[in-house]
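Coordinate analysis (summary)
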Amino acid sequence: MTSKEVVIQTGWNLDNSYARLPKSFFANVNPTAVRAPKLTILNQPLATSLGLKVQALQSKDGVDMLAGNKISEGALPLAQAYAGHQFGHFTMLGDGRAILLGEQITPSGERVDIQLKGSGETPYSRRGDGRATLGPMLREYIISEAMHALGIATTRSLAVVNTGESVIRETELPGAILTRVADSHLRVGTFQYVSNCGASEELKVLADYTLQRHFKDAEDAKNPYLFLLHEVIKRQALLIAKWQLVGFIHGVMNTDNMSISGETIDYGPCAFMDAYDPKTVFSSIDREGRYAYGNQPYIGGWNLARFAETLLPLLHGNEEKAVQMAQEAISDFMPLYKCNWLLGMRAKLGIFNEEMQDESFIEELLSIMQTYGADYTNTFRALTFDTREDTALFEISEFTQWYEQWQERLERQQQSKEAAYDLMRKSNPAIIPRNHRVEAALEAAVEQGDYSVMEQLLDVLSNPYAHSLKQADYATLPEASTKPYQTFCGT
């Protein structure tokens, strides 16, 4: 079967507009072939929405493409160059174990990146082997698809392929390749790279490409590059607010992990918070708590300031005026974030209108939850169904007083109590990817080759606002442990 026949059968319709940008932006490199690729999991609904044929993707030729052993017509494999502030320190980076095949043009005419993660060495591997292990790739699949179901902008996971080869880390582990789907892989770090290494005209080329790819409304803007800055700020303010509303902790908010499109990207040591505590950190490498749950909005603002710095030559010919324009734009971030967060928190409490005391009222609940170690998700779930006895706060006087004030707050709005609780059901997930559940699914898959645990978890996570009976067991907390839960980058 010819490559063209395979493409027609599988439904790949690839182009690579990024490959038409200046050569300094990337390195042409093919995936490294693997010995015995085997399809571990395929996201069939996503495949269908992309115009791909599920049955053909499951064939040998289809799996070879997902493994990088065969390259589809229209693909121009490359590794993107970028830089980044990693824990505050600037570093030159790039795709060290990921290869962008190109963009799938979907039946609706949308253009989305198709990237193979764990597909071998690139010029940016920095002495790494360019490979990924099965556990972290399955973990990204689970978490990214859960985020999508929660209504949070995110990259998606199309498939995970077991390479049939071992990868050496601390021990010998099974290798894997994740096929990641994204609006694009343009990052704050992409702009930092070009700003530091490229000519001024190359920065303009990147900005114009970004506008064409993601912000077509800029055509009517007086200053399209200022428009770009404002739009990226808006998207990040919304994204990080949504993270906070569900207790998601990214874990490594380096500037190279902030997507220009406003998607959650690069799932490494991420996790969801159980007991409410703004200082919660899971990442084994974040020893100072830079990327703790409560710090995420502030780090988002810091990262956006780094993005604004790259755009200064495009904002205005006068540097002083450009700096002023950038500062004014960045000053919008925290008010925008707070507005999104307050709107979401009101919805979590069934509140439709606004009152001046709402923020302090919400903060009071969070303070009580922190003091008594109440589970974040389950507390809001108990309020949603008015089952206070299901919370760690039951019979605590501070919470009882707050609860009475909340009931009075609901009565002061025009909407009925029934409408309020309906809003809460739509705003408070029944379940999140609990860390112990995710670990159990990964252990069964990696250690025993049993994927049923992961499949069941993915099923209940696919509709987190269903509040179904089968989800109840997945809302239970892990057994108490003296050892804090830690996550790792998985590289």
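Look up a bit, the structure's there.
Anyway, here's the lowdown on the structure attached to this text. None of these values were measured; they are calculated from a predicted model.

Conventions we followed
- Residues numbered from 1 in each chain as written.
- Predicted model: local features only at pLDDT ≥ 70, side-chain atom pairs only at ≥ 80, totals over all residues.
- Heavy atoms only, no water.
- Helix = DSSP H or I, 4+ residues; strand = E, 2+ residues; numbered from the N terminus.
- Rg over C-alpha atoms; globule rule 2.2 N^0.38 Å.
- Buried < 20%, exposed > 50% of the residue type's maximum accessible area, 1.4 Å probe, protein only.
- Areas by Shrake-Rupley, 256 points an atom, 1.4 Å probe, with all protein chains shown as cover.
- Core = buried A, V, L, I, M, F, W, Y, C linked by side-chain atoms within 4.5 Å.
- Contact = heavy atoms within 4.5 Å.
- Axes fitted to C-alpha atoms, helices over the stretch in contact; angles between N-to-C directions.
- Parallel < 35°, antiparallel > 145°, perpendicular 65-115°, else oblique.
- Left-handed = near helix turned anticlockwise from the far one by under 90°.
- Phe/Tyr/Trp six-rings, centres within 6.5 Å; stacked < 30°, edge-to-face > 60°.
- Pairing = 2+ DSSP bridges.
- Salt bridge = Lys/Arg side-chain N within 4 Å of Asp/Glu carboxyl O.
- Expected span 1.5 Å × (residues − 1).
- Polar contact = N/O pair within 3.5 Å; in protein donor to acceptor, adjacent residues only side chain to side chain.
- Nonpolar A, V, L, I, M, F, W, Y, C, P; charged D, E, K, R; others polar.

1. Quick notes on the overall build of the chain
Looking only at helices and strands, the chain has 18 helices and 12 strands in total. For the chain, whose C-alpha radius of gyration is 23 Å, the value lies close to the compact-globule estimate of 23 Å for 491 residues. When its C-alpha atoms are laid out on the principal axes, the chain stretches across 70 × 60 × 45 Å. A buried classification covers 57% of the 491 residues belonging to the chain. As presented, the chain carries roughly 21100 Å² of accessible surface, and 50% of it is formed by carbon and sulfur atoms.

2. Quick notes on the nonpolar core
For soluble globular proteins, the rule of thumb is that nonpolar side chains tend to be buried together. In this structure, Leu 383, Trp 402 and Trp 406 are the most contacted members of the largest nonpolar core, which totals 122 residues. Here the element with the most residues in this core is helix 8 (residues 224–246); it accounts for 12 residues. Within the second largest apolar cluster, 24 residues are counted, among which are Leu 46, Val 63, Ala 75 and Ile 114.

3. Digging into the environment of Glu 145
Tracing the sequence through the fold places Glu 145 in helix 5 (residues 134–149). Residue Glu 145 is classed as buried on the basis of its relative accessible area, which comes to 12%. Spatially, the C-alpha atom of Glu 145 lies 23 Å from that of Asp 64, the residues being 81 residues apart in sequence. Excluding residues within four positions of it along the chain, Glu 145 makes contact with Asn 43, Glu 140, Arg 156 and Ser 157.

4. Observations concerning the packing of helix 12 (residues 358–371) against helix 13 (residues 376–384)
Remark: helix 12 packs on helix 13, axes separated minimally by 11 Å, with the N-to-C direction vectors making an angle of 125 degrees. It follows that helix 12 is oblique to helix 13 by the angle criterion. Seen from above, helix 12 lies across helix 13 with right-handed handedness. Between helix 12, through Leu 365, Leu 366 and Met 369, and helix 13, the contact on the second element is made entirely by Tyr 376, Thr 379, Phe 380 and Leu 383.

5. A few points about the packing of aromatic side chains
Under the criterion given, the structure shown has 16 aromatic pairs. Relative to Phe 248, the ring of Trp 243 has its centre 5.5 Å away and its plane inclined at 65 degrees; by these criteria the two rings are edge-to-face. One exposure class covers both Trp 243 and Phe 248, and it is buried. Within the aromatic cluster, the residues linked to one another by ring pairs are Phe 361, Phe 399, Trp 402, Tyr 403, Trp 406 and Tyr 421.

6. Examining the pairing of strand 6 (residues 98–105)
On a regular strand, each side chain points to the face opposite its neighbour's, so the side chains alternate between the two faces of the sheet. Burial within strand 6 is extensive, with 7 of its 8 residues counted as buried. Of the strand pairs in this sheet, strand 1 (residues 14–15) and strand 6 are connected by 2 bridges, and their pairing is antiparallel. Note on strand 6: the bridge partner recorded for Leu 14 is Gln 104. Of the pairings in the sheet, the one linking strand 6 to strand 7 (residues 111–117) comprises 7 bridges and is antiparallel in character. The partner of Gln 104 across the bridge, within strand 7, is Val 112.

7. What to know about helix 6 (residues 188–197)
The buried fraction of helix 6 amounts to 7 of the 10 residues, a majority that puts the element mostly inside the structure. Among the structural elements, strand 4 (78–86), strand 5 (89–94), helix 7 (200–214), helix 8 and helix 9 (296–315) are those in contact with the buried residues of helix 6.

8. Regarding the pattern of salt bridges
What the rule picks out here adds up to 29 salt bridges. A salt bridge links Arg 111 to Glu 103; its shortest N-O distance comes to 2.6 Å. You can call Arg 111 partly exposed: its relative accessible area is 30%. Close ionic contact of Glu 309 with Arg 306 constitutes a salt bridge, the shortest N to O distance being 2.7 Å. Of this pair, Glu 309 and Arg 306 both sit in helix 9, 3 residues apart, roughly one helical turn. Owing to a relative accessible area of 41%, Glu 309 belongs among the partly exposed residues under this scheme. With relative accessibility at 13%, the residue Arg 306 sits in the buried group. Three or more residues are tied together by salt bridges with common partners; here these are Asp 15, Arg 20, Glu 103, Arg 111, Asp 113 and Arg 213.

9. Side note on helix 11 (residues 333–348)
Taking 1.5 Å per residue, 16 residues should reach 22 Å; helix 11 reaches 22 Å between its end C-alpha atoms and fits that length. Along helix 11, the residues classified as buried are Phe 333, Tyr 337, Trp 341, Leu 342, Gly 344, Met 345, Arg 346, Ala 347 and Lys 348. Here the buried face of helix 11 lies against helix 8, helix 9, helix 10 (319–330), helix 12, helix 13 and helix 15 (417–427).

10. Points about the environment of Ser 119
Positionally, Ser 119 belongs in the loop between strand 7 and strand 8 (132–133). On the basis of relative accessibility, which here comes to 0%, the residue Ser 119 falls in the buried class. Along the sequence, Ser 119 and Gln 414 sit 295 residues apart, while their C-alpha atoms lie 56 Å from each other. In this structure the side chain of Ser 119 is engaged in a polar contact, spanning 3.1 Å, whose partner is the backbone oxygen of Leu 116.

11. Things to note about the packing of helix 16 (residues 435–448) against helix 17 (residues 452–461)
In contact at an axis separation of 7 Å, helix 16 and helix 17 are set at 145 degrees when each is read in the N-to-C sense. Two secondary-structure elements touch here, helix 16 through Arg 437, Val 438, Ala 440, Ala 441 and Ala 444 and helix 17 through Val 453, Met 454 and Leu 457. The class makeup of the residues in the contact of helix 16 with helix 17 is 7 nonpolar, no polar and 1 charged.

12. Focus: unusual backbone geometry
In this structure, Arg 126 is a non-glycine residue whose phi angle is positive, near 50 degrees. Position of Arg 126 among the secondary structure elements: in the loop between strand 7 and strand 8. Not every positive phi belongs to a glycine, and Arg 127 is a case in point at roughly 70 degrees. Mapped onto the fold, Arg 127 is located in the loop between strand 7 and strand 8.

Limitation: the analysis is restricted to geometry and does not speak to function.
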